[in-house]
Each structure stands twice: as C-alpha cells, then as structure tokens.
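Residue-level structure breakdown
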Amino acid sequence: MSNAPTQAYPLYSAAEFRRRALNQNGGPVDHSWRDHGDHILNPDIVAMVEGFRLRDAAVLVPVVDDGDEARVIFTKRTANLRKHSGQISFPGGAVDATDISPEMAAIRETQEEIGIAGSFVETVGRLPHYLAATGFRITPVLGVVQPGFELKPNPREVDDVFEVPLSFLMNPQNHTRDRRLVEGIDRHFYRMPYESWMIWGITAGIVRTLYERLYA
C-alpha cells in the first residue's frame, strides 16, 4: 500500500508517523527486507548471513509524541556487552521463549534497558527484518511513546540515552554512505552524525529502511 495523498497531520508529528506506519510503502514487511536499507548495498553479505542459524531479536523504534516535532530515542550500549558493545542502538534484544511476539520482546527489553513502561508505548507496525552478521534476525517494532515517562537506564547495558528529531532522521541529506573492511569483506553502510553522536551500522540501516518505507 502507498501513503494516502493527503497529509493529515504535521509531517514529522507522532500522529503522522503513526498514519504512515499503518500504510507503508514497499510491500509486506515479511517479504521485502532485501529491498531496503543497507541490505541493498551488501548483497554478498546478505547471502552469507541467510545461511546462518539466526536467533530472533526485536528492537523498539521509540517515537516520542512531542507535538509537531516527534523525537526518536536511542541508547549507547555499554562496552562490556558481548554483542554490539559500545554502539548506538535502539532498545531491544533477543526474543525469549516467554515472549509471545516481537512486540512483547521489544517492549520488555525497552523497560529493562531504559525504564519506559509498556503502558506508555503504542505499537503501530513493524519494519522488514534486519539480518545481522552477528547472528540475529532483528524485527524493528515501530512505537509511539506518550510523554510523561521517566528514563531509568540500566547501567549494566546502557551508557547513555539521547533523542534525535524525527525530521533530522527522515532527511536523506543526513544519510551518508560509507564503507570499511570487516574481516576482509568490503561492507557498505550508512552513517548519520547528530551533534556528538554517530549513528551507523545496524541502527542506521533500520533508520534508512524507516525513511524508505514511510517518508521517501
């Protein structure tokens, strides 16, 4: 489905984000992950990762309802974590056997990592899977977060929490393509520098997919 031609709300408001999340471009999320983000830039890596035994994970893309200018919450992971240590990420983690859905996993992990209770979160859709070379099949869950929450970062997992305007993230001029050798493989990825923060890798790939499906 494509977005309705008439814009109902301010472009970067949480209400408009919700509307677009429910009416995404790009086909069903379960069958279109190859067509978005940095998966397009790395077909050889994607083919390799498809052959892995992948563990399911989920992250929340938390869009805070703040009037006409919604904001998106990111975390900086601690340096002592076994996977993706020190990186900028969305709150989330592995889907446990007790989680009945990726949405439940993403909300549970968000509360554990940064203290936002599920009562503040309205899930409004998913993005296509992100297949990570670290062995995870990640489901990005789109959520609108109502104001009034209190951030309580878990010091074992989170070094810092910060917010970025949705308008900044959905501007393709802020999406810089880069490349580097990773274990001898030429990997292409996106970078999105904001103030003192550098969003890149998996997280930037998810942000790029969000742009392509909701705002391009």
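For clarity, every value in this text was computed on a predicted model and none was experimentally measured. (Residues numbered from 1 in each chain as written. Predicted model: local features only at pLDDT ≥ 70, side-chain atom pairs only at ≥ 80, totals over all residues. Heavy atoms only, no water.)

What to know about the overall build of the protein
A count of helical and extended segments in the protein gives 5 helices and 11 strands. For the protein, whose C-alpha radius of gyration is 16 Å, the value lies close to the compact-globule estimate of 17 Å for 216 residues. Its C-alpha atoms put the protein at 45 × 40 × 35 Å along the principal axes. Buried positions account for 50% of the 216 residues belonging to the protein. Sequence-distant contacts, at least 24 apart, represent 64% of the contacts inside the protein between residues at least 6 apart. On the protein, roughly 10,400 Å² of surface is accessible, and the fraction owed to carbon and sulfur atoms is 49%. Where the 23 positive side-chain charges of the protein centre and where its 28 negative ones centre are 4 Å apart. (Helix = DSSP H or I, 4+ residues; strand = E, 2+ residues; numbered from the N terminus. Rg over C-alpha atoms; globule rule 2.2 N^0.38 Å. Buried < 20%, exposed > 50% of the residue type's maximum accessible area, 1.4 Å probe, protein only. Contact = heavy atoms within 4.5 Å. Areas by Shrake-Rupley, 256 points an atom, 1.4 Å probe, with all protein chains shown as cover. Lys, Arg positive; Asp, Glu negative; His and termini not counted. Charge placed at Lys NZ, Arg CZ, Asp CG, Glu CD.)

Points about helix H3 (residues 102-114)
With 13 residues, H3 extends 18 Å between its outermost C-alpha atoms, agreeing within 8% with the 18 Å of an ideal straight helix rising 1.5 Å per residue. Taken as a whole, H3 has its buried residues at Pro 102, Glu 103, Ala 105, Ala 106, Arg 108, Glu 109, Thr 110, Glu 113 and Ile 114. For H3, the elements touching its buried residues are strand E1 (55-64), strand E2 (71-77), strand E4 (92-94), strand E5 (121-126), strand E7 (136-145) and strand E8 (158-165). Following H3 by one or two positions, Gly 115 has its phi on the positive side, about 85°. (Expected span 1.5 Å × (residues − 1).)

Some details on the pattern of salt bridges
Following the criterion strictly, the structure yields 13 salt bridges and no others. Between Arg 19 and Glu 16 there is a salt bridge, with its nearest N and O atoms 2.6 Å apart. Of this pair, Arg 19 and Glu 16 both sit in helix H1 (residues 14-21), 3 residues apart, which is roughly one turn of that helix. With a relative accessible area of 14%, Arg 19 lands in the buried category. The network of salt bridges with common partners includes Asp 96, Asp 99, Arg 108, Glu 109 and Glu 112. (Salt bridge = Lys/Arg side-chain N within 4 Å of Asp/Glu carboxyl O.)

What to know about the pairing of strand E11 (residues 197-200)
Burial along E11 is one-sided: Trp 197 and Ile 199 are buried, while Met 198 and Trp 200, pointing the other way, are not. Summarising the sheet, strand E10 (residues 185-194) and E11 pair through 4 bridges and their orientation is antiparallel. For Tyr 194, the partnering residue across the bridge sits in E11 and is Trp 197. The turn linking E10 back onto E11 is made up of 2 residues, and Glu 195 within it adopts a positive phi angle of 50°. (Pairing = 2+ DSSP bridges.)

Topic: the packing of aromatic side chains
Within a pair of aromatic rings, the relevant descriptors are the distance that separates the centres and the angle that separates the planes. In this structure the tally under the stated criterion is 7 aromatic pairs. Summarising the aromatic geometry, the rings of Phe 120 and Phe 149 are spaced 6.4 Å apart at their centres and angled 80° between planes, so their arrangement reads as edge-to-face. One end of the pair, Phe 120, is in the loop between H3 and E5; the other, Phe 149, is in the loop between E7 and E8, and 29 residues separate them in sequence. Look at Phe 120 and you get partly exposed, because its relative accessible area is 25%. Here the aromatic rings of Phe 168 and Tyr 194 are separated by 5.0 Å at their centres, their planes lie at 65°, and the arrangement is edge-to-face. Of the two residues, Phe 168 is situated in helix H4 (residues 166-169) and Tyr 194 in strand E10; the sequence distance between them amounts to 26 residues. Here the two residues Phe 168 and Tyr 194 agree in accessibility, since each one is buried. Three or more aromatic residues joined by ring pairs form one cluster here, namely Phe 74, Phe 90, Phe 162 and Trp 197. Sitting above the plane of the Trp 200 ring, Arg 180 keeps its charged end 4.7 Å from the centroid. (Phe/Tyr/Trp six-rings, centres within 6.5 Å; stacked < 30°, edge-to-face > 60°. Lys NZ or Arg CZ within 6 Å of the ring centre and 35° of its normal.)

Things to note about the confidence of the model for the protein
Averaged over every residue, the pLDDT of the protein is 88; the share at 70 or more is 91%. Confidence, read as mean pLDDT per element, is least for helix H2 (residues 43-50) in the protein (78) and greatest for H4 (98). (pLDDT = per-residue confidence, 0-100.)

Thoughts on the side chain of Gln 24
By the element assignment, Gln 24 lies in the loop between H1 and H2. In this structure the side chain of Gln 24 is engaged in a polar contact, spanning 2.8 Å, whose partner is the backbone oxygen of Arg 126. (Polar contact = N/O pair within 3.5 Å; in protein donor to acceptor, adjacent residues only side chain to side chain.)

Digging into the packing of H1 against helix H5 (residues 201-215)
Any two packed helices are characterised by how steeply their axes cross, that is the angle between the axes, and by the distance between the axes. Relative to each other, H1 and H5 sit at 80°, their axes nearing to 9 Å. Between H1 and H5, the interaxial angle falls into the category roughly perpendicular. Contact residues: H1 offers Glu 16, Phe 17, Arg 20 and Ala 21, while H5 offers Leu 210, Leu 214 and Tyr 215. Residue composition of the contact of H1 with H5, grouped by class: 5 nonpolar, no polar and 2 charged. (Axes fitted to C-alpha atoms, helices over the stretch in contact; angles between N-to-C directions. Parallel < 35°, antiparallel > 145°, perpendicular 65-115°, else oblique. Nonpolar A, V, L, I, M, F, W, Y, C, P; charged D, E, K, R; others polar.)

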